[in-house]
Amino acid sequence: MTRPWHPDDAVLVTLHPGEDVLLRPGARLADLRAPLATLTRRPELRYAELTIDDAPLTEGQVVGERPLLPGAVLRVRRPGPAPADLGPGPGLRSAAGRRWLVARVTGPDAGTVVGVDGPLAALRTWVRLRRGGRLAVRRSDGPATWLAPRPAPTHGGIPWTLTLLPPAASLALAATLRQPLLAVFALVGLAMALPQLRAARQRRTVDRAPRHRLPGLPGPSRLLAFAHAALHVSPGAWAAAQQAQASAPGPPDGTAPEPAAHLMPTAPGDPWEPLLHDGAVAVLGPGPLARAVARAVVAGRAARGASVRLGHGTEGWSWVRWLPAGEPLVLVHDRTAAPTAARTGTSAVPAADQPAADLVVSVGAVPPGCRAVARVLDTRHVRLTGPDGRTRTVPLVGVAPEWAEHLARLLAGAARLGRTAAGPQDGDRPPATVPLSQAHGLTEIPAPPALTARWSRPTGWRVPLGVGPDGAPVGLDLVRDGPHLLVAGTTGSGKSELLQTLVLGLALTRPPADLALVLVDFKGGTSLGACPDLPHVVGRATDLEPRLAARALAGLRAELRRRERVLAAHAVPDVAELPAGALPRLVVVIDEFRALADDLPEFLPALLRVAAQGRSLGVHLVLATQRPGGAVGPDLRANVSARLALRVTDALESRDVLDDPGAARIPATAPGRALLRVGSAPPVPLQCAHATTPLEAAPPLVRRAPAWPARPGAPGGSATTHTSTGRPAHSSTGPPGTERTDAEPPDIATQVVEAARRAATALGHVPGPAPWLPQLPRRATVADLPPATRRDRAGLVLALGDDPDRQRRTTVTWHPDDGHLAVVGRARSGRTTALVILALSALRLGWAVHGVTRDPAGLAALGDQPGYAGTVRPDDPEAMARLLAETAPAGAGPVRTLVLVDGVEDARGSVPPAALRSGAAFALSSDGASLGGLASRVGPRLVLLGTDRAADVVLGAPVGYAGSGGPPGRAVWCGRGDPVLCQVLEPEVVSPRSRSPTSPP
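Residues numbered from 1 in each chain as written. Predicted model: local features only at pLDDT ≥ 70, side-chain atom pairs only at ≥ 80, totals over all residues. Heavy atoms only, no water.

Concerning the overall build of the protein
Line of reasoning, step 1. The helix and strand inventory of the protein stands at 25 helices and 36 strands.
Line of reasoning, step 2. Across the 1001 residues that make up the protein, the buried fraction comes to 50%.
Line of reasoning, step 3. Summarising the internal contacts of the protein: among those between residues at least 6 apart in sequence, 69% fall at separations of at least 24.
Line of reasoning, step 4. Summed over all atoms, the accessible surface of the protein reaches about 45,000 Å², with 56% contributed by carbon and sulfur. (Helix = DSSP H or I, 4+ residues; strand = E, 2+ residues; numbered from the N terminus. Buried < 20%, exposed > 50% of the residue type's maximum accessible area, 1.4 Å probe, protein only. Contact = heavy atoms within 4.5 Å. Areas by Shrake-Rupley, 256 points an atom, 1.4 Å probe, with all protein chains shown as cover.)

What follows is the structure, encoded as structure tokens:
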């Protein structure tokens, strides 16, 4: 698979004779010809045959794939012989097919390799090149063998001398004793020894085979051989070399193998290692020789995966621009070429931008605190002084700038293929940052028409989450790999960013008709960014509204029952078998699941049912938390097969999620780095895509590389060393029209949300029903009541009820046959309003209504209503006596009289308990649960709620509803059946023109 392009991933190549250009990854050669000819003003590039390493290129070859890799040299093929190779190093290209190699090991131009066909030619070459340094002659079996480590000699079995000893002894005895029969035993012994002799011969053959392999080639030529082989061998040979190195034994002295350089281990007895481990080394002596020695040291580190940057001095160091980025960091200061610049502080990297290096190589000066010094004595010797003060004289080993550049170009191309000396574990390192567009292979966010077309051609449910070490997208299919996903990671590891990537990826893949999203954010309500504005989102809950989160639990249970009914109606066992558009898949994303579980423990049983039934019903859970332990129980884990761990604090937490400690080794400096495990498959490393970065514009197909070294403050200049990957990617040195503007574009998430909204509007999409009902309105009217059904119980309409378990609204009614009504609540909670709405309902039925209150203004709305008998004060004995006489039972017929007592504690002396046994229905309001001593005489209760849980419990509210009030009229109805949360209707909306409030509309 071709890795998707990234603006910071341009491929740096050289157009012969010496112009560096940046090519966009993934572009075809045929598409590059015209812009390349225009940029360089070379018309022949439009049609001339181009070559790399003397091999012609085809029009379909792709940038970023072999041979169009970083470091390549593009040439125009011209009539006549091929041009000479660049420098001494490329001679290894022609030596790859030769049987013998002659390499220069020491001297200022060490590393030169010459290939010949036989021993005599090797001898002649040795004689010709012997002046200038020590040479080494090695036999070669090809580049593939240059990578493989030398196998340890095989031992075991019985030595052949001991195998032949019994037959020989039998023959000697037969001759001595003159007993021919003993010779028969000798023959038997020989027959038994033949298999062992054959096995010994095979072992000797295997041991001899690698005896002349090139890994033993000394000096810098070993680096060049490795880089050449890494770039040119087949994938199978590279994998075999990695496997062979992984199974190779450790050093013979018993020391631990080097973890950071699997394919390029340090040569035994290397005198430079003690110096380099001290963190800084100074190379002193004549300028050209000192630079050659320093180049050899830096090249050795670069071949083993180090990143190189320059401080002071650039002469002889231009080759480092080709080196790929890596670890650790080597910083080079060369003060031999320009002492004036060194004194004034001029450098390729300004002092403010100097990075913290793991190794500093200073040429021509000893930096403060440096204890390791290498002094060049002459063209053959170097005196090394270690950190401990010990000195030793070693042969001079240096390399030429041309050789170093060729090595750097080879390393750049090999790194693009993912082949470095850093071995399997370090090679499995994804890129540092991945925009969401790169993970989806997009150069721009699709416009609404393009997104509509994308929705009409769904290719499954696989969503890219990020990019793996090879640059290919790493995705998750919630239907096939799920149905649920567990995400773990400590603070700052990138959990919320990952959830945005997943949600936006689903929105880019599926239309709202196929996908419904529910977002539960328990991190303050803002962790999911712009995602709640997607047209796919049908519900959202946050920790700022805990009651709404509780409703979400009940709504999920109701949604499962609804989906079960839909499947039963279609007679199918799985949502995947339903007709298209019949039932969208529901993805419930919960950010910070542990906080939700602590605040709403009753949520867990509902989640367990969702987890168990989600696959067939099309409901998927995405649970993100810092620490799953204790929050995600074993019953829930049993149904979660996809697990993703970002950085965690210790190995136990990583094992708890992945059964692997790898997530604990993710550095804190790599947010978004994660391991994904699906089922029993091994964990897959990835760098999660970033959705909140601005979308980078696609770079031009061809642009000039920034000048090297960059001059601070120069137009198009940069203060950083340019590398073969094309970083920094943006530069104003390209063709006209490629400069960036200063305006910051909106981030990717915002653009995706806007495109999805417009596409949904163009399709005429109507948002689907939420899996839970919205909260009750702060004000309810008769118009808000649900349509009447046969199951509705007759009575006086009082309030709009809430039934989240069945995803419906109800009409709360009071029937006098259930007993007298108590309306309990604090001042200004809506007690009088509840009595008024009851009175209006009774008057519509033709009832006689009486009012008793100390404040007649509260019932003034009833004064003009036909059938209202008036309001009396509880301290008026005559009026109270007439009222009680009128309410005396007149027969066995149904109750037709309603008495409202607003403030029963004030009328306790005027309303005897015997009055409640009359034929009238009483509705009593009070500010206490005792109702002035009449609590035992009432039946249903309407408890008006506030925000104080304890005070509501004292009033008689059920514990589960206490404290859930707020607006006046919010109450809990405690009658037949379970308690019902409700909102008392507004009485002023009831008029003669409105429909009857006695029954739901």
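The rest of the description comes next.
As for the confidence of the model for the protein
Line of reasoning, step 1. The predicted model of the protein has a mean per-residue pLDDT of 78, with 81% of residues at 70 or higher.
Line of reasoning, step 2. Counting contacts from residues 1-7, a segment whose pLDDT is below 50, to residues more than four positions away or on other chains yields 27 contacts.
Line of reasoning, step 3. Note that residues 726-742 has pLDDT below 50 and, in this model, 32 contacts with residues that lie over four places away or in other chains. (pLDDT = per-residue confidence, 0-100.)

Here's the deal with the pairing of strand E30 (residues 848-853)
Remark: a regular strand shows side chains that alternate across the two faces of the sheet.
Line of reasoning, step 1. Of all six residues that make up E30, five are buried, and the element is covered over most of its length.
Line of reasoning, step 2. Bridge analysis of E30 against strand E32 (residues 897-902) gives six bridges, and the strand direction is parallel. When the bridges of E32 are listed, Val 849 appears paired with Leu 898.
Line of reasoning, step 3. In terms of strand pairing, E30 meets strand E31 (residues 868-872) through three bridges, oriented parallel. Pairing of Gly 851 across the sheet is with Thr 871, part of E31. (Pairing = 2+ DSSP bridges.)

Brief notes about the sheet that holds strand E16 (residues 462-467)
Line of reasoning, step 1. Spatial strand order, E17-E16-E25-E24-E23-E18-E22-E21-E19-E20: 10 strands in an open sheet with mixed pairing. Since the sheet does not close on itself, it has two edges, and those belong to strand E17 (473-477) and strand E20 (537-542), each with one partner. Neighbour-to-neighbour, the strand axes of the sheet open up by a mean angle of 25 degrees, direction not taken into account.
Line of reasoning, step 2. Bridge analysis of strand E19 (residues 515-521) against E20 gives five bridges, and the strand direction is parallel. Within E20, the residue paired with Asp 521 across the bridge is Thr 542.
Line of reasoning, step 3. Lying over the sheet, helix H19 (residues 603-617) contacts strand E21 (585-591) and strand E22 (619-625), oriented at roughly 135 degrees with respect to E22.
Line of reasoning, step 4. Taken strand by strand, helix H21 (residues 651-658) contacts strand E18 (485-488), strand E23 (642-645) and strand E24 (673-678), and its axis lies near 160 degrees from that of E23. (Axes fitted to C-alpha atoms, helices over the stretch in contact; angles between N-to-C directions.)

Here's the deal with the side chain of His 820
Line of reasoning, step 1. On the secondary structure map, His 820 appears in strand E29 (residues 820-824).
Line of reasoning, step 2. Of the polar contacts made by the side chain of His 820, one reaches the backbone nitrogen of Phe 922; its length is 3.0 Å. (Polar contact = N/O pair within 3.5 Å; in protein donor to acceptor, adjacent residues only side chain to side chain.)

With respect to the environment of Asp 378
Line of reasoning, step 1. The residue Asp 378 is located in the loop between strand E13 (372-376) and strand E14 (381-385) in this model.
Line of reasoning, step 2. Discounting chain neighbours no more than four positions away, the residues touching Asp 378 are Leu 289 and Leu 396.
Line of reasoning, step 3. In this structure the side chain of Asp 378 is engaged in a polar contact, spanning 2.7 Å, whose partner is the backbone nitrogen of Arg 380.
Line of reasoning, step 4. At 2.8 Å, the side chain of Asp 378 and the backbone nitrogen of His 381 are in polar contact.

Comments concerning the packing of aromatic side chains
Line of reasoning, step 1. On inspection of all chains with the given rule, the structure shows one aromatic pair.
Line of reasoning, step 2. Taking the ring centre of Trp 322 as reference, the NZ or CZ of Arg 409 above it sits at 4.0 Å.
Line of reasoning, step 3. Above the plane of the ring of Trp 461 lies Arg 585, whose end atom (NZ or CZ) is 5.8 Å from the centre. (Phe/Tyr/Trp six-rings, centres within 6.5 Å; stacked < 30°, edge-to-face > 60°. Lys NZ or Arg CZ within 6 Å of the ring centre and 35° of its normal.)

Some words on helix H24 (residues 877-886)
Line of reasoning, step 1. Those residues of H24 that sit buried are Ala 879, Met 880 and Leu 883. Projection of H24 onto a plane perpendicular to its axis shows the buried side chains occupying an angular sector of 95 degrees, all on one side. Looking at H24, the residues exposed on the side facing more than 90 degrees away from the buried face are Pro 877, Glu 878, Arg 882 and Ala 885.
Line of reasoning, step 2. Where H24 is buried, its residues touch E30, E31 and E32. (Arc of directions from axis to C-beta.)

Points about helix H12 (residues 401-416)
Line of reasoning, step 1. Taking 1.5 Å per residue as the helical rise, H12 with its 16 residues ought to reach 22 Å, and the 23 Å between its terminal C-alpha atoms agrees with that figure.
Line of reasoning, step 2. Where burial is concerned, most of H12 is hidden: 13 out of the 16 residues are buried. (Expected span 1.5 Å × (residues − 1).)

Structural notes on the nonpolar core
Line of reasoning, step 1. In terms of nonpolar packing, the biggest core is built from 69 residues, with Trp 272, Trp 317, Trp 319 and Trp 403 touching the most fellow members.
Line of reasoning, step 2. Considering each element in turn, this core owes the most residues, 10 residues, to helix H10 (residues 287-303). (Core = buried A, V, L, I, M, F, W, Y, C linked by side-chain atoms within 4.5 Å.)

What about unusual backbone geometry?
Line of reasoning, step 1. The residue after His 16, namely Pro 17, is reached through a cis peptide bond having omega 20 degrees.
Line of reasoning, step 2. Tracing the sequence through the fold places Pro 17 in the loop between strand E1 (11-15) and strand E2 (19-23).
Line of reasoning, step 3. Look at the link from Arg 66 to Pro 67: it is a cis peptide, with omega at 5 degrees.
Line of reasoning, step 4. Turning to its location among the elements, Pro 67 is positioned in the loop between strand E4 (55-56) and strand E5 (73-76).

Side note on the pattern of salt bridges
Line of reasoning, step 1. Counted by the stated rule, this structure contains 22 salt bridges.
Line of reasoning, step 2. Put simply, Glu 273 and Arg 304 hold a salt bridge, and the shortest N to O gap is 3.8 Å. Here the residue Glu 273 occupies a position in helix H9 (residues 273-276), and Arg 304 occupies one in the loop between H10 and strand E10 (307-310), the gap between them amounting to 31 residues. With respect to class, Glu 273 is no different from Arg 304; both count as buried. (Salt bridge = Lys/Arg side-chain N within 4 Å of Asp/Glu carboxyl O.)

Focus: the UniProt feature "binding site: ATP" (unreviewed entry) in the protein
Line of reasoning, step 1. Those residues carrying the UniProt feature "binding site: ATP" (unreviewed entry) are Gly 489, Thr 490, Thr 491, Gly 492, Ser 493, Gly 494, Lys 495 and Ser 496 in this numbering.
Line of reasoning, step 2. On the accessibility criterion, Ser 493 (2% relative accessible area) is buried.
Line of reasoning, step 3. Once you skip the residues sitting within four places of it in the chain, Ser 493 turns out to touch Leu 646, Arg 647, Pro 671 and Gly 672.
Line of reasoning, step 4. Mapped onto the fold, Gly 494 is located in the loop between E18 and helix H16 (495-509). (UniProt positions renumbered as here; feature names shortened; annotations may be inferred.)

What to know about the sheet that holds E13
Line of reasoning, step 1. An order of E10-E11-E12-E9-E13-E14-E15 is seen for the seven strands of this open sheet, with the pairing classed as mixed. Looking along the sheet, the strands with just one partner apiece sit at the ends: E10 and strand E15 (391-395). Sheet twist, expressed as the mean angle between neighbouring strand axes with direction ignored, is 20 degrees.
Line of reasoning, step 2. Alignment of strand E9 (residues 280-284) against E13, held across four bridges, turns out to be parallel. Considered in E13, the bridge of Val 283 is made with Ala 374.
Line of reasoning, step 3. Running at roughly 165 degrees to strand E12 (residues 359-363), H10 makes contact with E9, E10, strand E11 (329-334), E12, E13 and E14 of the sheet.

Observations regarding a nonpolar patch on the surface
Line of reasoning, step 1. Residues Leu 181, Val 184, Phe 185, Val 188 and Met 192 make up a contiguous nonpolar surface patch of roughly 530 Å² in combined accessible area.
Line of reasoning, step 2. Turning to its location among the elements, Val 184 is positioned in helix H6 (residues 180-208).
Line of reasoning, step 3. Residue classification places Val 184 among the partly exposed residues on the basis of a relative accessible area of 43%. (Patch = residues over 30% accessible without salt bridge, like charges linked within 9 Å, V, L, I, M, F, W, Y side chains within 5 Å.)

Section: the packing of helix H15 (residues 448-456) against H16
Line of reasoning, step 1. One way to put it is that H15 packs onto H16 with a least axis distance of 8 Å and a crossing angle of 85 degrees. In terms of orientation, H15 lies roughly perpendicular with respect to H16. In contact with Leu 451, Arg 454 and Trp 455 of H15, H16 contributes Ala 507, Leu 508 and Thr 509.
Line of reasoning, step 2. Residue composition of the contact of H15 with H16, by class: four nonpolar, one polar and one charged. (Parallel < 35°, antiparallel > 145°, perpendicular 65-115°, else oblique. Nonpolar A, V, L, I, M, F, W, Y, C, P; charged D, E, K, R; others polar.)

Looking at the environment of Ala 357
Line of reasoning, step 1. Note that Ala 357 resides in the loop between helix H11 (339-344) and E12.
Line of reasoning, step 2. For Ala 357, a relative accessible area of 28% corresponds to the partly exposed category.
Line of reasoning, step 3. Each C-alpha atom, one on Ala 357 and one on Ser 307, is 9.7 Å from the other, the two residues being 50 residues apart in sequence.
Line of reasoning, step 4. In contact with Ala 357, not counting residues within four places along its chain, are Leu 329 and Leu 331.

Quick look at the packing of helix H7 (residues 221-232) against H12
Line of reasoning, step 1. At a minimum axis distance of 8 Å, the contact between H7 and H12 shows a crossing angle of 35 degrees. The crossing of H7 and H12 is left-handed. Mapping the contact onto sequence places Leu 223, Leu 224, Ala 227, His 228, Ala 230, Leu 231 and His 232 in H7 and Trp 403, His 406, Leu 407, Leu 410, Leu 411, Gly 413 and Ala 414 in H12.
Line of reasoning, step 2. Looking at the contact of H7 with H12 residue by residue, the classes come out as 10 nonpolar, four polar and no charged. (Left-handed = near helix turned anticlockwise from the far one by under 90°.)

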